[in-house]
Amino acid sequence: MSGQMELVSARALQGPDPVPDLAAADRIVFSNSGGKDSIAAMDEGVRLADAAGVRDRIVILHIDLGRTPRGHSVEWPGTADLARRQADHYGLPFAVRRMAKWPSLFHRIRARGQFPHLMTRFCTSEKRAVAHRFITEQVNALGVTGRPARIVHVMGFRAEESRARARRPALEVDRRASNGRRTVTQWYPVLRWSTAEVWQRIRERGLPYHWAYDAGMSRLSCSLCVLASVPDLTCAAGLRPELAREYADLEEEMGVPFRRELPMAEVIRRAGGAA
């Protein structure tokens, strides 16, 4: 049986919510953004890893998106610390990694001369590259010989978030990350969960979550994400006016709007009205 198929259990092939054969994995990497879906996916993944007796194979990865030239965090303040506390909640090893070439996502946007958008999500590509480098580190440390190392990469994607995510299977081989040395299986434990189910798990289990949700945000990606809803952008600009102003100055410098139909200057105006 191939390394790819060894990670797919009989339940994965038969049931509506496939689960990898965690007992066959050499390393289980949880990508944790600090958001509600990440911590719910961690909780579910750890629960199943415990059932398989392999919690010791888990490591938590947080990708820090850096600071702007004026020193503002691209992420919500406290996100990396929260991700560490979430790992500590389960007694799991924690690692932070950053983009190799750019000090921050803000610098990457400036160098490219445009903001990410739905059809050119280079922000996602940058984060994926960081995760792949981290997986390479793990494979090197494992020192598996005679076969590809079996890696399960866990993420908190949910189908409700976008049409693209709704089309994903809950378990798939990541062919871009896999090679002769490793087979990487992507697993989305909460793919079919509703927002209400995510919050129910967080509250029932007393899981640590970010303060920005209580401040009005529905999602926790970059503080000012080009793919966020207008209410979330308005809320974020009100909570982080200095960062919003720096993004507005950047769109003026580059001569392109934050979003084609919604420049950051308009987001700031709406945030002022909302306040």
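Before going into details, it helps to say that this report is about the structure given with it. None of the values given here were measured: they were computed from a predicted structure.

Below, the discussion takes up the side chain of Asp37. Along the chain, the position of Asp37 falls in helix α3 (residues 36-52). On the basis of relative accessibility, which here comes to 7%, the residue Asp37 falls in the buried class.

The next subject is the pairing of strand β3 (residues 94-98). When strand β2 (residues 58-64) meets β3, the two strands line up parallel, connected through five bridges. Note that in β3 the partner of His62 across the bridge is Val96. The handedness of the β2 to β3 crossover, carried by helix α4 (residues 79-89), is right-handed.

This brings us to the pattern of salt bridges. Per the stated rule, a full pass over the model turns up 20 salt bridges. Where Asp26 meets Arg147, a salt bridge forms, and the shortest distance between an N and an O atom there is 2.9 Å. One end of the pair, Asp26, is in the loop between α2 (10-14) and β1 (27-31); the other, Arg147, is in the loop between α6 (122-142) and β4 (149-154), with 121 residues separating them in the sequence. Judged by its relative accessible area of 16%, Asp26 falls in the buried class. Note that Glu44 and Arg47 form a salt bridge whose closest N and O atoms lie 2.7 Å from each other. Of this pair, Glu44 and Arg47 both sit in helix α3, separated by three residues, roughly a single helical turn. Overall, Glu44 belongs to the buried group, its relative accessible area being 10%. One salt-bridge network, held together by shared partners, links Asp43, Glu44, Arg47, Arg201 and Arg205.

The next subject is the environment of Arg57. Relative to the helices and strands, Arg57 is located in the loop between α3 and β2. Residue class for Arg57 comes out partly exposed when judged on its relative accessible area of 26%. Excluding residues that lie within four positions of it along the chain, Arg57 makes contacts with Leu22, Ala23, Ala24, Ala25, Asp26, Arg27 and Ile28.

Turning next to the nonpolar core. Ile28, Leu224 and Tyr247 are the most contacted members of the largest nonpolar core, which has 78 residues in total. Apart from the residues within four sequence positions on either side, Ile28 is in contact with Leu22, Val54, Arg57, Ile58, Val59, Val152 and Val154. Core analysis: the next-biggest nonpolar cluster, separate from the first, contains five residues, Phe157, Ala159, Ala170 and Tyr188 among them.

The next point concerns the packing of helix α5 (residues 105-112) against α6. Working note: a packed helix pair is described by the angle between its axes plus the distance between those axes. Where α5 meets α6, the closest approach of the two axes is 11 Å, and the angle between their N-to-C directions is 125°. Relative to α6, the element α5 lies oblique. Every pair of crossing elements has a handedness; the one defined by α5 and α6 is right-handed. In contact with Leu105, Arg108, Ile109 and Arg112 of α5, α6 contributes Phe122, Cys123 and Glu126. By residue class, the composition of the contact of α5 with α6 is four nonpolar, no polar and three charged.

Cut-offs used in this document
Residues numbered from 1 in each chain as written. Predicted model: local features only at pLDDT ≥ 70, side-chain atom pairs only at ≥ 80, totals over all residues. Heavy atoms only, no water. Helix = DSSP H or I, 4+ residues; strand = E, 2+ residues; numbered from the N terminus. Buried < 20%, exposed > 50% of the residue type's maximum accessible area, 1.4 Å probe, protein only. Pairing = 2+ DSSP bridges. Right-handed = clockwise from strand over helix to strand, strands pointing away. Salt bridge = Lys/Arg side-chain N within 4 Å of Asp/Glu carboxyl O. Contact = heavy atoms within 4.5 Å. Core = buried A, V, L, I, M, F, W, Y, C linked by side-chain atoms within 4.5 Å. Axes fitted to C-alpha atoms, helices over the stretch in contact; angles between N-to-C directions. Parallel < 35°, antiparallel > 145°, perpendicular 65-115°, else oblique. Left-handed = near helix turned anticlockwise from the far one by under 90°. Nonpolar A, V, L, I, M, F, W, Y, C, P; charged D, E, K, R; others polar.

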